[in-house]
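The primary structure of each chain is shown beneath.
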Amino acid sequence: MSDTPKAPRTDRRTRVTVLVALAANLVIALAKTIGGLLAHSPALLSEAAHSVADSMNEVFLLAALRRSRRPADDRHPFGYGKERFFWSLLAAVGIFVMGGCFSFFQGFEALHGGAEAEFSGYVAGMIVLGVAFVAEGLSLVRALYQVRRQGGVGNGLRDPALRTVVAEDGTAVLGVTLALTGMVLHLITGQVVWEASASLAIGALLVYVAYRLGRDARDQLIGQAADPEADARIRALLQAQPEIDSVEALYTMKTGLETALVAARVDLVPGLDSEQVEEVAVRIKRSIGLAVAEADQIFLDVTERSAREAQGSPAATGERGGA
């Protein structure tokens, strides 16, 4: 199919995007940690935890890209495409636990215990945040550029790995802005509540992003249907076949980023013998495969109405006909 050669190239571009984000986050996490310890800044330490969580998540995404392309085998006859969704779910959990929870802890700790504003340390911390803003911004630009190359928001963000990188980088840019604002207001007013509030806001932001990413990964893991447009094309193709009297049921499920399972139950017009039923089934499966590239596993329950009533229903099931 036309999409098959594109998939490895798309994965290579996504891998480069993830590696760029990983390199940026590792350097930034180290710088934020050192700056946060020097400045005793809860907001900066919250951002350090955020970058550490993002770095771990990029490792998960690299694993997803590699493992999801393994071919089908006896234990996994539908392939390993859902590995992509599983590792994206782990990334969402990482953002929630390592980023969001630690940020909340830093915020509440600062509110209860206070924090000393050390001018020299804060200057160093704000410089670190300025550098982090530039680095995260460049990584975000790279990710958005790939989204545009892959067809824009609608198509580009179907990839959970790329979607996670965009969410992480966008959240990182906003989180750095919140941390910098909190540190500046803390220095100007001498009130730690500003910086504590920044930490709590960063925590709330990370929890929200983790929830959205986790919800998307959950939907895909438990068996999300193919795109409505693909469903409509398949149903229209089935209904257009002269041998099909009615489409009793149509089920689809995404088994990977570019693959889906299709199962349909159709009644044929009366008068077809078993050999004709088999020929019709093979032709229909081949037609579906040509019309919908992601339909790589196609199963049909094909019944001639008169034969079914006589309880002698022939059935034709299996993978894509003619493939």
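The structure we're discussing is the one just above.
Residues numbered from 1 in each chain as written. Predicted model: local features only at pLDDT ≥ 70, side-chain atom pairs only at ≥ 80, totals over all residues. Heavy atoms only, no water.

A. Spotlight on a nonpolar patch on the surface. A surface patch of nonpolar side chains, amounting to about 460 Å² of accessible area, comprises Val52, Met56, Val93, Phe96, Val97 and Met98. Elements supplying a minimum of two residues to the nonpolar patch: helix H2 (42-67) and helix H3 (83-113). Looking at which element gives the most residues to the nonpolar patch, the answer is H3, with four residues. Topologically, Met56 is positioned in helix H2. Residue classification places Met56 among the partly exposed residues on the basis of a relative accessible area of 40%. (Patch = residues over 30% accessible without salt bridge, like charges linked within 9 Å, V, L, I, M, F, W, Y side chains within 5 Å. Areas by Shrake-Rupley, 256 points an atom, 1.4 Å probe, with all protein chains shown as cover. Salt bridge = Lys/Arg side-chain N within 4 Å of Asp/Glu carboxyl O. Helix = DSSP H or I, 4+ residues; strand = E, 2+ residues; numbered from the N terminus. Buried < 20%, exposed > 50% of the residue type's maximum accessible area, 1.4 Å probe, protein only.)

B. A look at helix H7 (residues 193-221). Between its first and last C-alpha atoms H7 spans 41 Å; for 29 residues at 1.5 Å apiece the expected length is 42 Å, and the two agree. Downstream of H7 by one or two residues, Gly223 has phi in the positive range, about 110 degrees. (Expected span 1.5 Å × (residues − 1).)

C. Layout of the packing of aromatic side chains. Enumeration according to the criterion identifies four aromatic pairs in this entry. Between Phe86 and Trp87, the aromatic rings sit 5.5 Å apart at their centres with planes inclined by 80 degrees, giving edge-to-face as the arrangement. Centroid distance Phe102 to Phe105: 6.3 Å. Interplanar angle 40 degrees. Geometry classified as tilted. Highlighted residues: Phe102 and Phe105, both in helix H3, separated by three residues, approximately one helical turn. (Phe/Tyr/Trp six-rings, centres within 6.5 Å; stacked < 30°, edge-to-face > 60°.)

D. Broad picture of the pairing of strand E1 (residues 244-254). Relative to strand E2 (residues 260-268), E1 is paired through nine bridges, and the arrangement is antiparallel. Of the residues in E2, the one forming a bridge with Lys254 is Ala260. (Pairing = 2+ DSSP bridges.)

E. Structural view of the nonpolar core. Formed by 24 residues in total, the largest nonpolar core has its most connected members in Leu238, Leu268 and Ile288. For this core, the elements supplying multiple residues, two or more each, are helix H8 (228-240), E1, E2, helix H9 (274-291) and strand E3 (295-304). Setting aside its immediate chain neighbours within four residues, Leu238 contacts Ile244, Val247, Leu250, Ala264, Val266, Ile284 and Ile288. Formed by 20 residues, the second largest nonpolar core is a distinct cluster that contains Ile28, Ala39, Ile95 and Ala198. (Core = buried A, V, L, I, M, F, W, Y, C linked by side-chain atoms within 4.5 Å. Contact = heavy atoms within 4.5 Å.)

F. Focus on H8. Taking 1.5 Å per residue as the helical rise, H8 with its 13 residues ought to reach 18 Å, and the 18 Å between its terminal C-alpha atoms agrees with that figure. Every buried residue of H8 is accounted for by Ala230, Ile234, Leu237 and Leu238. All buried residues of H8 lie within an arc of 100 degrees about the axis, which places them on one face of the element. Pointing more than 90 degrees away from the buried face of H8 are the exposed residues Pro228, Glu229, Gln239 and Ala240. (Arc of directions from axis to C-beta.)

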